[in-house]
Amino acid sequence: MNRVSTSQSPMVRTKRMDSFVLLLLAASLALNVYLGWKLRQGSPNTRQNTVTLSPGMKIDPVTVVTLDGIQHTISYENTNKPTVLYVLSPACIWCDRNNANFKRLSELRAKDFRFIGLSLAEPGLKAYVDAHHLKFPVYTRLTTESINALGLGSTPQTIVISPDGRVLKNWIGAYLDPLRPEVEAYFGITLPGLTSDND
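Because the structure is a prediction, the values reported are computed rather than measured. (Residues numbered from 1 in each chain as written. Predicted model: local features only at pLDDT ≥ 70, side-chain atom pairs only at ≥ 80, totals over all residues. Heavy atoms only, no water.)

**Comments concerning the overall build of the protein**
Broken down by element type, the protein carries 5 helices and 7 strands. Mapped in sequence order, the helices and strands of the protein form the string α-β-β-β-α-β-α-β-α-β-β-α. A total of 199 residues make up the protein; the buried ones form 36% of that total. Within the protein, contacts between residues at least 6 apart in sequence are counted, and of these 65% link residues at least 24 apart. Taken as a whole, the protein presents about 12200 Å² of accessible surface, with 56% of it coming from carbon and sulfur. (Helix = DSSP H or I, 4+ residues; strand = E, 2+ residues; numbered from the N terminus. Buried < 20%, exposed > 50% of the residue type's maximum accessible area, 1.4 Å probe, protein only. Contact = heavy atoms within 4.5 Å. Areas by Shrake-Rupley, 256 points an atom, 1.4 Å probe, with all protein chains shown as cover.)

**Some details on the packing of aromatic side chains**
Taken as a whole and judged by the stated rule, the model has 8 aromatic pairs. Centroid distance Tyr 86 to Phe 102: 3.8 Å. Interplanar angle 10 degrees. Geometry classified as stacked. Linking Tyr 86 in strand E3 (residues 83–88) with Phe 102 in helix H2 (residues 93–108), this pair joins segments that are 16 residues apart in sequence. Judged by relative accessible area, which is 3%, Tyr 86 ranks as buried. Through a chain of ring-to-ring contacts, the aromatic side chains of Tyr 86, Phe 102, Phe 113, Phe 115, Phe 136, Trp 171, Tyr 186 and Phe 187 assemble into a single cluster. (Phe/Tyr/Trp six-rings, centres within 6.5 Å; stacked < 30°, edge-to-face > 60°.)

**Quick word on H2**
With 16 residues, H2 should cover 22 Å at 1.5 Å per step; its first-to-last C-alpha distance of 24 Å lies within 8% of that length. The sharpest bend along H2 reaches about 50 degrees and sits at Asn 99. For H2, the complete set of buried residues consists of Cys 95, Arg 97, Asn 98, Asn 99, Asn 101, Phe 102, Lys 103, Leu 105 and Ser 106. Here the buried face of H2 lies against E3, strand E4 (114–119), helix H3 (125–132), strand E6 (157–161) and helix H5 (179–187). (Expected span 1.5 Å × (residues − 1). Bend = angle between axes of the 7 residues up to and from the residue.)

Okay, structure coming up:
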């Protein structure tokens, strides 16, 4: 009798361990389903209320912070030229690869457009701006409302806004084909193209 009991003991322990692991997996799955459901319900900090910008949409002024920590409001009205918002992030590889394109664009069309950078991340931003020799103002610390209202999230993103505060163009992504020819045609310039990861 003791032999049978001893030989079944490891099997019983294995079954208990398997049951415990299955219980943990089920609890983890239930927690993930619950958290996903909560995100879909939409809290003020989620991007659920984000709009997709389309030509003609009215854009409200955006409250941001300068690299020196000073609060600033970007308004589009009462300017004599359209505003180009270039949305970037210091850790964004595609922003790096697209940098030569946007620098060329901002330099060649500075007389006809006002260029402004918006960073979705603050850490490393000053070093990024210095390293890339950006000659247009770059701001950060957008409010959740501004991020949602501008449909921000992916970087890079280029938004052209008229002097009366209406969206003229909204391009999401680096200037690859077929986006590059569209950007070139709109601004009437030729861009140098993306830099490679090795450049």
